[in-house]
Amino acid sequence: LADPADRRVATHRPDGLKILGEQQRAGATPRRGKRGFDAGVAANAGDKPGLAGITTSMLTEGTKNRDGLTISRELAQLGAGINSGSTLDLTSVSLNTLTTTLDPALAIYADILRDPAYAQSDLDRRKRLSIAAIQQANETIKKLGTERDDLARRLNEVTELYNKLASGKKSE
């Protein structure tokens, strides 16, 4: 059950970032923040399917001030994490951190949201990973289709055998 002393809070940082969270008793309590953007997969340009997904996945690859390894190292040192994802109508970026590391974690979070930048090589790598994932999914679908067809054939054979036995006819 929730502690009655806990309460939801909203505040604005001097850099303009709005923070939503729950204030709890003092200590190193977990903090979560989330920023949603009214632009999900449905906002993809017609000739660029997958753009929202790859853009969202690239957010922690770098900024104008930090490369991907620096972001990863700094978040790990803070015990923080940043996750992003897109649904049909919404793209969200969330921050998970402790109260004691909130300010430096928010600085990284704000940097990611405001100044995303990454090398062409990182984008090319993400594209290759996305293409490989699509190819793997297609192979899985083909395999499942083949297995389904095989099971259907076997089920028909068994059904025919039982029908012949039930009717008293000799099986061939």
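Rules and cut-offs
- Residues numbered from 1 in each chain as written.
- Predicted model: local features only at pLDDT ≥ 70, side-chain atom pairs only at ≥ 80, totals over all residues.
- Heavy atoms only, no water.
- Helix = DSSP H or I, 4+ residues; strand = E, 2+ residues; numbered from the N terminus.
- Buried < 20%, exposed > 50% of the residue type's maximum accessible area, 1.4 Å probe, protein only.
- Contact = heavy atoms within 4.5 Å.
- Areas by Shrake-Rupley, 256 points an atom, 1.4 Å probe, with all protein chains shown as cover.
- Pairing = 2+ DSSP bridges.
- Salt bridge = Lys/Arg side-chain N within 4 Å of Asp/Glu carboxyl O.
- Core = buried A, V, L, I, M, F, W, Y, C linked by side-chain atoms within 4.5 Å.
- Arc of directions from axis to C-beta.
- Polar contact = N/O pair within 3.5 Å; in protein donor to acceptor, adjacent residues only side chain to side chain.
- Expected span 1.5 Å × (residues − 1).

Caption draft 1: Layout of the overall build of the chain. Helices and strands together make up the secondary structure of the chain, namely four helices and five strands. Put simply, the chain runs from its N terminus to its C terminus through helices and strands in the order β-β-β-α-α-β-β-α-α. By residue count, 23% of the 172 residues in the chain fall in the buried class. In the chain, the proportion of contacts linking residues at least 24 apart, taken out of those at least 6 apart, comes to 60%. Only carbon and sulfur atoms are counted for the fraction: they give 55% of the accessible area of the chain, which is about 12100 Å².

Caption draft 2: Spatial organisation of the pairing of strand 5 (residues 91-98). Counting buried residues in strand 5 gives six out of eight residues, a clear majority hidden from the surface. When strand 4 (residues 81-86) meets strand 5, the two strands line up antiparallel, connected through six bridges. Paired with Ser-84 across the bridge in strand 5 is Val-93. In this structure, the hairpin formed by strand 4 and strand 5 is closed by a connection of four residues.

Caption draft 3: Molecular detail of the pattern of salt bridges. Tallied over the entire structure, the rule returns eleven salt bridges. The salt bridge involving Glu-61 is made with Arg-125; its shortest N-O contact spans 2.8 Å. Residue Glu-61 is found in the loop between helix 1 (51-58) and helix 2 (68-78), and its partner Arg-125 is found in helix 4 (residues 120-167); the two are separated by 64 residues along the sequence. Residue classification places Glu-61 among the buried residues on the basis of a relative accessible area of 12%. Where Glu-61 meets Arg-126, a salt bridge forms, and the shortest distance between an N and an O atom there is 2.7 Å. Taken as a pair, Glu-61 in the loop between helix 1 and helix 2 and Arg-126 in helix 4 lie far apart in primary sequence, 65 residues in all. One network of salt bridges, in which partners are shared, links Glu-61, Asp-122, Arg-125 and Arg-126.

Caption draft 4: Representation of the nonpolar core within the structure. Leu-75, Ala-80, Ile-82, Leu-95, Ile-108, Tyr-109 and Ile-112 are the most contacted members of the largest nonpolar core, which totals 13 residues. For this core, the secondary structure elements donating two or more residues are helix 2, strand 5 and helix 3 (102-114). The element best represented in this core is helix 3, accounting for five residues. If sequence neighbours within four positions are ignored, Leu-75 has contacts with Ala-80, Ile-82 and Ile-108.

Caption draft 5: Molecular detail of helix 2. Those residues of helix 2 that fall on the buried side of the exposure criterion are Gly-68, Thr-70, Ile-71, Leu-75 and Leu-78. Around the axis of helix 2, the buried residues are gathered within 165° of arc, so they sit on the same side. Looking at helix 2, the residues exposed on the side facing more than 90 degrees away from the buried face are Leu-69, Ala-76 and Gln-77. Looking at the packing, one finds that the buried side of helix 2 touches strand 4, strand 5 and helix 3. Measuring from the side-chain oxygen of the N-cap residue of helix 2 to the backbone nitrogen of Leu-69 gives 3.3 Å; that N-cap residue is Asp-67.

Caption draft 6: Summary view of helix 3. Over its 13 residues, helix 3 extends 18 Å from the first C-alpha to the last, a length consistent with the 18 Å expected when each residue adds 1.5 Å. Looking only at helix 3, the buried set comprises Ala-105, Leu-106, Ile-108, Tyr-109, Ala-110, Asp-111 and Ile-112.

Caption draft 7: Seen up close, the environment of Lys-64. Along the chain, the position of Lys-64 falls in the loop between helix 1 and helix 2. Given the relative accessible area of 63%, Lys-64 is considered exposed. Sequence spacing of Lys-64 and Arg-114 is 50 residues, and the spatial spacing of their C-alpha atoms is 9.3 Å. Those residues within four positions of Lys-64 in sequence are excluded, and the remaining contacts are Asp-115 and Ala-117.

Everything listed here is a matter of coordinates, which is why it stays silent on function.
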